[in-house]
Amino acid sequence: MCGINGFLDTSRQREGAELQAIALRMAGSLRHRGPDDGGAWADPETGLAFGQRRLSIIDLSPAGHQPMFSATGRYVIVFNGEIYNFSDIRRELEALPPGQAPRFRGHSDTEVMLEAISRWGVEEALGRFNGMFAFAVWDRQDRRLCPALDRLGEKPLYYGWTGPAFLFGSELKALRAYPGFNGEINRDALALFMRHNYVPGPYSIYQGIHKLPPGTMLTLDWARAAAEPGAIPDPVPYWSAREAAERGGAEPFRGSPGEAAACLDELLRDAIKLRMVADVPLGAFLSGGIDSSTVVALMQAQSQRPVKTFTIGFHESGYNEAEDAKAVARHLGTEHTELYLTPQEAMAVIPRLPTLYDEPFADSSQIPTFLVSELARRHVTVSLSGDGGDELFAGYNRYFLGLSLWGKVRLMPGAMRHTMASVLTAASPKTWDSVFQRLGPWLPAGLRQARPGDKLHKLAEVLGVHNPEEMYLGLVSHWKDPASLVLRSREPATTLTDRRRWAQLPEFLQRMMYLDLVTYLPDDILVKVDRASMGVSLEARVPLLDHRLVEFAWRIPLSMKVRVGQGKWLLRQVLHRYVPQKLIDRPKMGFGVPVDSWLRGPLREWAESLLDERRLHQEGFLDPAPI
């Protein structure tokens with residue numbers, strides 16, 4: 001695991017030493033991602049420079065140093081991530097006829113990547129890689145720069161132009177370290193943030209800086225870039241989640257539930273086994289939920305010694321999963337470490353969040369994710385995580401809320417729904433509150449609600465939708481009209497709002513799962529896991545996102561995912577082979593912290609200073625009135 005960065009300065013006005021110094025400075029901002037080693041390389045003739053910080057996981061020797069050259073010297077790479085099937089690819093390369101087989105100098109997956117690219121080219125090699133990765137490779141012969149990202153977006157890569165220089169890096173802080181970087185806030189991206197609680201790709205908080213989409217690669221030709229600085233070619237997909245979902249629907253699994261469980265068990269075992277390969281200590285996050293318990297159970301089933309597992313707990317009962325995790329750990333026989341945190345210890349993380357995330361990011365579970373990563377890093381360098389199960393096996397509560405709401409709403413004629421919505425929104429929430437207050441003594445107990453005006457307006461939103469996807473957008477939106485809040489902004493199209501990008505799937509539940517897989521998962525969940533873990537120099541691996549598992553999951557019929565109003569049925573069948581059902585079956589609990597009580601209590605003064613009307617006016621981004 002590493003941090004990578006680089007640039008192509010088409011002005012070619014800098015000497016090699018200066019180019020290399022800039023690349024090292026950019027890499028220095030990523031030291032937390034790679035504290036073990038660092039390096040830079042520059043080609044003054046083209047103005048190209050690469051920088052890298054290394055967290056040594058596979059082949060701890062200097063043979064894994066980056067930037068790395070291929071055996072022929074034609075290709076140079078900087079690479080962040082892991083290629084889990086690198087041993088198989090290496091054997092395939094070594095089996096080539098004499099004169100074609102490369103001579104390997106070390107045992108790193110980086111070297112195998114380079115030689116695979118040398119043999120098959122970038123796009124074909126990408127199709128062979130099973131891993132999480134962001135890399136940039138420079139073809140010295142054809143003078144082409146090719147950045148690429150893994151299929152699901154586990155690793156980050158930002159890119160864009162500053163003046164005559166094309167920049168890229170694992171985090172925005174690396175781009176900011178480039179001399180003359182223009183960090184103009186993208187107000188349209190800020191509007192998107194206000195809706196989603198994160199900045200969705202391909203946008204970033206900076207104008208002109210983009211996130212490389214999952215499963216894609218860029219090809220930047222040096223001659224064309226020098227002739228047209230600022231022009232960026234469109235990312236080209238080498239794997240498509242949409243195609244995987246549609247193909248899975250067209251070619252569903254035809255076997256019995258028992259056969260499906262056996263196939264899933266086998267795939268999970270192999271995905272987890274591949275991710276247990278490391279030359280450093282390894283463990284796993286364990287919350288006691290379905291996903292993390294499945295990962296740990298299959299780790300322990302394939303390990304000769306107790307797996308190291310880590311959990312953090314809170315004393316607030318509504319947020320504490322530590323007892324459940326302890327019970328699962330005890331049953332599996334893991335070497336379990338738990339740490340109970342006070343609110344003060346959790347709140348102490350807040351000042352570090354802007355440095356960790358670089359752009360607005362409002363998923364409150366970033367705090368416990370950082371804390372469990374910090375705990376794990378005291379004992380291991382690699383930790384497996386259970387993320388991805390909700391999107392693949394229908395685990396989110398909002399799926400069943402959406403189905404329930406749409407099932408009721410669609411039975412009403414459209415004209416009636418819209419009339420009722422108009423009546424409910426004719427009065428403000430405050431007016432409705434006063435009406436209910438006056439009627440209070442005569443109302444049945446069930447109608448005596450806190451903030452009834454807000455609830456009636458939310459009901460009006462549901463009644464006013466034209467299709468289930470519109471309802472889903474409302475369920476995942478935190479501000480319904482963000483462009484009215486962010487001054488001088490317009491909300492650009494995203495995958496959620498552009499129907500042309502949706503997978504053609506017959507069931508509303510499938511469409512919700514797909515949209516989460518290509519939006520919420522890469523832009524929220526995986527951002528959270530990457531920045532929180534890498535912020536403490538810990539590599540987090542996500543076996544449920546092995547692309548073979550993802551493709552298989554889309555072939556599984558909904559009847560094997562959802563039963564009796566509960567998701568993850570098939571995943572539960574696999575887990576029950578290793579962990580008793582009574583330890584697992586309980587209501588889903590989010591990995592959160594009690595932000596509401598903090599903001600009303602110890603953080604109130606801090607929050608009110610941030611929301612001060614004069615401050616908002618002075619900053620000029622947000623309209624203070626609705627805030």
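Within each chain, residues carry numbers counting from 1 in the order of the written sequence. Reporting in this predicted model follows two pLDDT cut-offs: at least 70 for local features of residues, and 80 or more for side-chain atom pairs to be given and counted; totals over whole chains, interfaces and linings ignore these cut-offs and use all residues. Note that water and hydrogens are dropped before the side-chain values are worked out from all heavy atoms of the structure.

Student: I tried to follow the overall build of the protein on my own but got confused; where do I start?
Tutor: Only DSSP runs of H or I with at least four residues qualify as helices, and only runs of E with at least two residues qualify as strands; both kinds are numbered from the N terminus onward. Looking only at helices and strands, one finds 27 helices and 18 strands in the protein. A sequence separation of at least 24 residues applies to 73% of the contacts in the protein between residues at least 6 apart. Values of accessible area rely on a 1.4 Å probe in the Shrake-Rupley scheme; residue burial ignores everything except the protein chains shown. For the protein, the exposed area adds up to about 26500 Å²; of that, 52% sits on carbon and sulfur atoms. Charged side chains in the protein number 72 positive and 74 negative. The centres of these two groups are separated by 3 Å. It only takes one pair of heavy atoms within 4.5 Å for two residues to be counted as in contact. The charge count includes Lys and Arg as positive and Asp and Glu as negative, but it does not include His or the ends of the chains. By convention, the point assigned to a charge is CZ for Arg, NZ for Lys, CD for Glu and CG for Asp.

Student: I tried to follow unusual backbone geometry on my own but got confused; where do I start?
Tutor: With the exception of glycine, the majority of residues adopt a negative phi angle, and the majority of peptide bonds are in the trans configuration. Cis geometry is adopted by the peptide bond preceding Pro-67, which originates at Gln-66 and carries an omega value of -5°. With respect to the helices and strands, the residue Pro-67 is situated in the loop between strand 3 (48-54) and strand 4 (68-69). Unlike most non-glycine residues, Arg-12 shows phi in positive territory, near 50°. Mapping Arg-12 onto the fold places it in the loop between strand 1 (2-9) and helix 1 (16-28). Any residue under 20% of the maximum accessible area for its type is buried, any over 50% is exposed, and the rest in between are partly exposed; the area is computed with a 1.4 Å probe on protein chains only. Its relative accessible area of 45% is what places Arg-12 among the partly exposed residues. At Lys-568, a residue that is not glycine, the phi angle is positive and equals roughly 60°. The residue Lys-568 is located in the loop between helix 22 (547-555) and helix 23 (569-575) in this model. Classification of Lys-568 by relative accessible area gives buried; the value is 5%.

Student: Looking at this structure, how should I read the packing of aromatic side chains?
Tutor: Any aromatic ring pair is given by two values, namely how distant the centres are and how the planes are angled relative to each other. Stacked, tilted and edge-to-face are the three classes applied to pairs of Phe, Tyr and Trp rings, where Trp contributes its six-membered ring and a pair requires centres within 6.5 Å; stacked means planes under 30 degrees apart, edge-to-face means over 60, and tilted covers the rest. For the structure on display, the rule yields 14 aromatic pairs. Here the aromatic rings of Trp-41 and Phe-69 are separated by 5.5 Å at their centres, their planes lie at 90°, and the arrangement is edge-to-face. Here the residue Trp-41 occupies a position in strand 2 (residues 37-43), and Phe-69 occupies one in strand 4, the gap between them amounting to 28 residues. Take Phe-69: its relative accessible area is 26%, and that puts it in the partly exposed class. Judged by centre distance (6.1 Å) and plane angle (85°), the rings of Phe-129 and Phe-133 are edge-to-face. In terms of burial, Phe-129 and Phe-133 fall into one category: buried. The ring of Phe-104 carries Arg-90 above its face, with NZ or CZ at 4.3 Å from the centroid. Charge over a ring is defined by NZ of Lys or CZ of Arg lying within 6 Å of the ring centre and within 35 degrees of the ring normal. Here Lys-561 stacks its cationic end above the ring of Trp-554, 5.3 Å away from the centre of that ring.

Student: Sorry if this is basic, but what is going on with the layout of surface pockets here?
Tutor: To find leftover empty space, a probe the size of one water molecule is rolled over the atoms. A cavity here means a set of 1 Å grid points, computed over protein atoms only, where a 1.4 Å probe fits but cannot escape. A pocket is an open set with protein on both sides within 12 Å along at least 5 of 7 lines, and lining residues have an atom within 4 Å of a point. Grid points are joined across faces, edges and corners, and a volume is the space filled by probe spheres set on the points. Empty space within the second largest pocket amounts to approximately 970 Å³. In terms of lining residues, the second largest pocket is bounded by 45 residues, among which Gly-201, Pro-213, Pro-214, Thr-495 and Val-518 are the most central. Elements with a minimum of two residues in the lining of the second largest pocket: strand 8 (158-162), strand 10 (209-211), helix 8 (241-250) and helix 21 (508-534). Of the residues forming the lining of the second largest pocket, the biggest block, ten residues, is contributed by helix 21. Along the lines of polarity and charge, the residues of the lining of the second largest pocket split into 25 nonpolar, ten polar and ten charged. Polar here means any residue other than Ala, Val, Leu, Ile, Met, Phe, Trp, Tyr, Cys and Pro, which are nonpolar, and Asp, Glu, Lys and Arg, which are charged; Gly is therefore polar.

Student: Whenever I open this one, the packing of helix 20 (residues 468-475) against helix 21 confuses me. Can you help?
Tutor: Think of two packed helices as two axes; the pair is described by the angle between the axes and how far apart they sit. Where helix 20 meets helix 21, the axes come as close as 11 Å, and the angle between the chain directions of the two elements is 45°. In terms of axis orientation, helix 20 runs oblique to helix 21. Between helix 20 and helix 21 lies a crossing whose hand is right-handed. Within the contact between the two elements, helix 20 uses Pro-468, Glu-469 and Tyr-472 and helix 21 uses Phe-508, Arg-511, Met-512, Leu-515 and Asp-516. Across the contact of helix 20 with helix 21, the residue classes break down as five nonpolar, no polar and three charged. Note on geometry: axes are lines fitted to C-alpha atoms, helical ones only across the stretch in contact, with angles between N-to-C directions running from 0 to 180 degrees. We call two directions roughly parallel when the angle between them is under 35 degrees, roughly antiparallel when it is over 145, roughly perpendicular when it lies between 65 and 115, and oblique otherwise. Take the far helix as your reference; a near helix turned counterclockwise from it by less than a right angle gives a left-handed crossing, and one turned clockwise gives a right-handed crossing.

Student: Is there a simple way to explain the sheet that holds strand 1 in this structure?
Tutor: Sheet strands associate in pairs through backbone hydrogen bonding, adopting either a parallel or an antiparallel arrangement. Taken in spatial order, the six strands line up as 2-3-1-9-8-10 in an open sheet, and their pairing is antiparallel. Every interior strand has two partners, whereas the edge strands, strand 2 and strand 10, have only one. The average undirected angle you get between the axes of adjacent strands in this sheet is 10°. Of the strands in this sheet, strand 1, strand 2, strand 3 and strand 9 (165-169) are in contact with helix 1, which crosses strand 2 at around 145°. When DSSP finds two or more bridges between a pair of strands, those strands are recorded as paired.

Student: How should I be thinking about the pairing of strand 9 in this particular structure?
Tutor: Buried residues dominate strand 9, accounting for five of its five residues. Residues Ala-165, Leu-167 and Gly-169 of strand 9 are buried on one face, and the alternating residues Phe-166 and Phe-168, pointing to the opposite face, are buried as well. The sheet contact formed by strand 1 and strand 9 spans five bridges and is antiparallel. Note on strand 9: the bridge partner recorded for Leu-8 is Phe-166. Bridging between strand 8 and strand 9 involves five bridges; their strand directions are antiparallel. Following the sheet pairing, Trp-161 is matched in strand 9 by Phe-166. Two successive antiparallel strands, strand 8 and strand 9, enclose a turn made up of two residues, where Gly-163 displays a positive phi of approximately 60°.

Student: In this structure, what is going on with the sheet that holds strand 16 (residues 335-341)? I would like to understand it.
Tutor: What the five strands build is an open sheet, ordered 16-15-14-17-18; its pairing is parallel. Of all strands in the sheet, those bounded by a partner on one side alone are strand 16 and strand 18 (539-541). Neighbouring strand axes in the sheet, compared pairwise and without regard to direction, differ in orientation by 30° on average. Relative to strand 17 (residues 382-384), strand 14 (residues 282-285) runs parallel, the two sharing three bridges. Across the sheet, Leu-282 pairs through a bridge with Val-382, a residue of strand 17. Lying over the sheet, helix 10 (residues 290-301) contacts strand 14, strand 15 (308-314) and strand 17, oriented at roughly 155° with respect to strand 14. Across the sheet, helix 11 (residues 322-332) is in contact with strand 15 and strand 16; its angle to strand 16 comes to roughly 170°.

Student: Explain the pattern of salt bridges to me, please; I cannot follow it from the model alone.
Tutor: Where charged atoms from two side chains of opposite charge approach closely, those side chains can pair. Just to be clear on terms, a salt bridge is a Lys or Arg side-chain nitrogen sitting within 4 Å of an Asp or Glu carboxyl oxygen. The final tally for this structure, using the stated rule, is 43 salt bridges. With its nearest N and O atoms 2.7 Å apart, the salt bridge here joins Arg-128 to Glu-92. Of this pair, Arg-128 sits in helix 4 (residues 122-128) while Glu-92 is found in helix 2 (residues 86-94), placing the two residues 36 residues apart along the sequence. For Glu-92, a relative accessible area of 36% gives the class partly exposed. Across the salt bridge formed by Asp-546 and Arg-548, the nearest N and O atoms sit 2.9 Å from each other. Using a relative accessible area of 1% as the deciding quantity, one classes Asp-546 as buried.

Student: Honestly, the nonpolar core in this entry has me stumped. Any pointers?
Tutor: In a soluble, globular protein the nonpolar side chains are often hidden away together inside. Nine residue types can take part in a nonpolar core, namely buried Ala, Val, Leu, Ile, Met, Phe, Trp, Tyr and Cys, and a core is a set of them joined through side-chain atoms within 4.5 Å. In this structure, Ile-77, Leu-126, Phe-129, Phe-135, Leu-264, Ile-367 and Trp-554 are the most contacted members of the largest nonpolar core, which totals 136 residues. A per-element tally of this core places helix 21 first, with 14 residues. Among residues more than four places away in sequence, those in contact with Phe-135 are Ile-4, Ile-77, Val-78, Phe-79, Met-113, Ile-117, Val-122, Leu-126, Cys-146, Pro-147, Ala-148 and Leu-157. Ile-22, Leu-172, Met-194 and Leu-616 belong to the second-largest nonpolar core, a separate cluster that totals 29 residues.

Student: I would appreciate a short explanation of the environment of Trp-569 in the present structure.
Tutor: Summarising the element assignment, Trp-569 is placed in helix 23. When the C-alpha atoms of Trp-569 and Ala-261 are compared, they prove to be 9.8 Å apart, with 308 residues separating the residues in sequence. With near-sequence residues (within four places) excluded, Trp-569 lies in contact with Pro-257, Met-560, Lys-561, Val-562 and Arg-563.

Geometry only, nothing functional implied.
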